[in-house]
Amino acid sequence: MVQAVYLQTYGCQMNERDSEEILGMLIAHGYAIVEREEEADVILLNTCSVRAHAEERAFGKMGLMQKLKRERPELVLGILGCMAKAQREEVFRRLPQVDLVAGPAEIYDLPDLLAGVAERRQRAERGAGAHVLAVDRKVRPLDRRPVTGYRAGRVTAFVTIMEGCDKKCAYCIVPTTRGQEVSRPVDEILDEVQQLARAGYRQVILLGQNVNSYGKRFPDGSGWVGPARRRALLQLEARNGPGEADADPRATPRLVDFPALLRAIDRKTSIDRVRFTTSHPFDAHEELFRVMAECRAVCEFLHLPVQTGSDGILRAMRRGYTTETYLAQIARLRTLVPEVAVSTDIIVGFPGETETDFEATCALMERVRYDSAFVFKYSPRPGTEAAAWPDDVPQLVKERRNQVILELQARISREKLEAGVGSEVEVLVEERNRRGQLTGKSRGNTTVVIEGPDTLIGELVAARVTRVTGTTMIGELADCGERLTCGSGARSH
Ligand code: 5AD
Ligand code: SF4
């Protein structure tokens, strides 16, 4: 009998992409996908551990699912993803009805793990011994990656370019949950992007916990390894000229890093737009900004999380840069790519954050004038370095600081958006919203709403901005009303 699977995803875009891969694999193994948990034989939650709140939501949801299982004991419940890795056996203690706990590095084992659950059931092994726990891999085995076609979107597709994170930010659980960095080979990525373009996708979002360290370690052990080897390869290139990113590395040693990957995608595939997330300021080099300026497909948008505007807190966070070097990066970026839109993540209430530290964050935000910002209240994550320090900023203070940043950014965003009224933007039309209007994104990642026919979905159009509401631009099709062909027309935001 066909087994029906319901999968809910929490957390970041990496998780959304992992869920697509999971669904693709399960479809290939004969499962059917359902939209409602009541119709499912297997309920899976792909979870996030980045803040306590994300974990509590998943625990709460699975608690409700346990009730369903009391009525239908044959139901299979699984916790996947980062929380599975962070909480391990603790999941079974808090949720005894859960059958399977599998981490991000075990994603490709999922069909086998589910078969294992079924087998144990048949042998009528019940109780704690029947639980399946798979969380011990350190690196996701990319050589076992199955090629599946399932994608949630039709216009934009996620493409994972690397897994894991080698950084040691004091607050962050991700290096623990997602393991060591490993990059996918260039030609595999180029093939995937070109197949997507052929299938009608117009935009790819390249994903990695730190896309800027792409190429550090490939599955075959090659890669630029560390900053010293990276510099040596750059010197070689300066002498020999740059090689193609996907050429044979034994013929000419060359640097295959993130900018090289972007150039290769721009030159060798027919995808119209490329975005990427997320960038760590320590590894974002000037060459990245040049690529953004020179490559038509690469959108002029950079998410460059600063986290705080206080040098003392940056040091405690072990971010590896100062506000001075960060501001110099932003200045260089804006010189090379004047129309670029920039966004950030901010954490308020990190251990030891004083009012002066917080004011420094506000001051930095006033200086940079981000186009958008995500703000988070610090949440101690067991097992991270900072979890050992007193969480000494009171909750009420965290909430106030959070609110101040939100208001500050809302004002700056509004001012920047209003300055764009009257200008023309290139919009990739993605879908109809609930009000029946077409919506899409500008190159700078602002949502733009326009009126128009369904045939524009999946098209690049030029739109004139008539007004703004909240964080959205309202536009009308520009005079020509024509679809843009590659290389023509609007590039501003
Ligand atoms: N507490 C609060 N925010 C966090 N982030 C990561 N870890 C924590 C934590 N322990 C935020 C960072 C990161 C974003 C994805 O989540 O700002 O960039
Ligand atoms: Fe959450 Fe981070 Fe894991 Fe993404 S990588 S799911 S944000 S903990």
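In this text, all values refer to a predicted model and were calculated from it rather than measured experimentally. (Residues numbered from 1 in each chain as written. Chains lettered and ligands numbered in written order. Predicted model: local features only at pLDDT ≥ 70, side-chain atom pairs only at ≥ 80, totals over all residues. Heavy atoms only, no water.)

Draft legend 1. Geometry of the overall build of the protein chain. On a plain count of helices and strands, the protein chain comes out with 14 helices and 19 strands. Computed over C-alpha atoms, the radius of gyration of the protein chain comes to 23 Å, within 12% of the 23 Å expected from 2.2 N^0.38 for 493 residues, which places it in the range of a compact globule. When the accessible surface of the protein chain is summed, it comes to about 21,700 Å², and 51% of that surface belongs to carbon and sulfur atoms. Separation of charge centres in the protein chain, based on 69 positive and 70 negative side chains, amounts to 2 Å. (Helix = DSSP H or I, 4+ residues; strand = E, 2+ residues; numbered from the N terminus. Rg over C-alpha atoms; globule rule 2.2 N^0.38 Å. Areas by Shrake-Rupley, 256 points an atom, 1.4 Å probe, with all protein chains shown as cover. Lys, Arg positive; Asp, Glu negative; His and termini not counted. Charge placed at Lys NZ, Arg CZ, Asp CG, Glu CD.)

Draft legend 2. Focus on the site of ligand 2. In the region of ligand 2, the neighbouring residues are Cys12, Asn15, Thr47, Cys48, Ser49, Val50, Cys82, Val174, Arg178 and Gln209. Residues belonging to the shell around ligand 2 are distributed by class as follows: five nonpolar, four polar and one charged. (Near = heavy atom within 4 Å. Nonpolar A, V, L, I, M, F, W, Y, C, P; charged D, E, K, R; others polar.)

Draft legend 3. View of helix H13 (residues 355–368). Between its first and last C-alpha, H13 extends 20 Å over 14 residues, near the 20 Å set by a 1.5 Å rise per residue. Looking at the buried positions of H13, the neighbouring elements they touch are helix H11 (311–317), helix H12 (323–336), strand E13 (341–348), strand E14 (372–377) and helix H14 (395–419). Two residues or fewer after H13 comes Arg369, characterised by a positive phi angle close to 50°. (Expected span 1.5 Å × (residues − 1). Contact = heavy atoms within 4.5 Å.)

Draft legend 4. Structural view of the site of ligand 1. Looking at ligand 1, the residues that line it are Val50, Arg51, Tyr171, Gln307, Asp345, Ile347, Phe376, Lys377, Tyr378, Ser379 and Arg381. Take Gln307: an N or O atom from its side chain is 2.7 Å from an oxygen atom of ligand 1. Contact distances for ligand 1 include 2.8 Å between a nitrogen atom and a backbone N or O atom of Ser379. Relative to its free-state accessible area of 400 Å², ligand 1 is covered by the protein chains to the extent of 85%. For the shell around ligand 1, a count of residues per class yields five nonpolar, two polar and four charged. (Polar contact = N/O pair within 3.5 Å; in protein donor to acceptor, adjacent residues only side chain to side chain.)

Draft legend 5. Looking closely at empty space enclosed by the protein. By the definition in use, this model includes four cavities of 30 Å³ or more. Of the volumes computed, that of the largest cavity is approximately 60 Å³. Around the largest cavity, the lining residues are Asp18, Ile22, Asn46, Leu80, Gly81, Ala102, Gly103, Pro104, Ile107, Leu110 and Arg140. Here the residues of the lining of the largest cavity are counted per class, giving six nonpolar, three polar and two charged. (1 Å grid on protein atoms, 1.4 Å probe; cavity = no way out; pocket = protein on both sides within 12 Å on 5 of 7 lines; lining within 4 Å. Points joined across faces, edges and corners; volume = space filled by probe spheres on them.)

Draft legend 6. Region of interest: the pairing of strand E3 (residues 42–47). For E3, the tally of buried residues reaches six of six residues, placing the bulk of the element in the interior. Alignment of strand E1 (residues 4–9) against E3, held across five bridges, turns out to be parallel. Residue pairing for E3: Gln8 is matched across the bridge by Leu45. Relative to strand E4 (residues 76–81), E3 is paired through six bridges, and the arrangement is parallel. Of the residues in E4, the one forming a bridge with Leu44 is Gly78. A crossover connection joins E3 to the parallel E4 through helix H2 (residues 52–71); in handedness this β-α-β unit is right-handed. (Buried < 20%, exposed > 50% of the residue type's maximum accessible area, 1.4 Å probe, protein only. Pairing = 2+ DSSP bridges. Right-handed = clockwise from strand over helix to strand, strands pointing away.)

Draft legend 7. Focus on the environment of Gln329. By the element assignment, Gln329 lies in helix H12. As for Gln329 and Ala118, which are separated by 211 residues in sequence, their C-alpha atoms are 54 Å apart. In this structure, Gln329 is in contact with Pro281, Ala284, Phe289 and Leu304, ignoring residues within four places of it in sequence. At 2.7 Å, the side chain of Gln329 and the backbone oxygen of Pro281 are in polar contact.

Draft legend 8. The sheet that holds E14, seen in detail. With parallel pairing, the three strands of this open sheet are ordered in space as E12-E13-E14. Every other strand in the sheet has two partners, leaving strand E12 (301–303) and E14 as the edge strands with one partner each. Here the average twist between neighbouring strands, direction ignored, is 10°. Relative to E13, E12 runs parallel, the two being bridged by three bridges. The partner of His303 across the bridge, within E13, is Ser343. Helix-sheet contacts for H14 involve E13 and E14, and the interaxial angle to E14 is about 175°. (Axes fitted to C-alpha atoms, helices over the stretch in contact; angles between N-to-C directions.)

Draft legend 9. Just the side chain of Lys167, in detail. Inspection of the secondary structure puts Lys167 in the loop between strand E8 (162–163) and helix H6 (174–178). A polar atom in the side chain of Lys167 sits 2.8 Å from the side chain of Asp283. Those residues in contact with Lys167, other than ones at most four positions away along the chain, are Pro175, Asn210, His280, Phe282 and Asp283.

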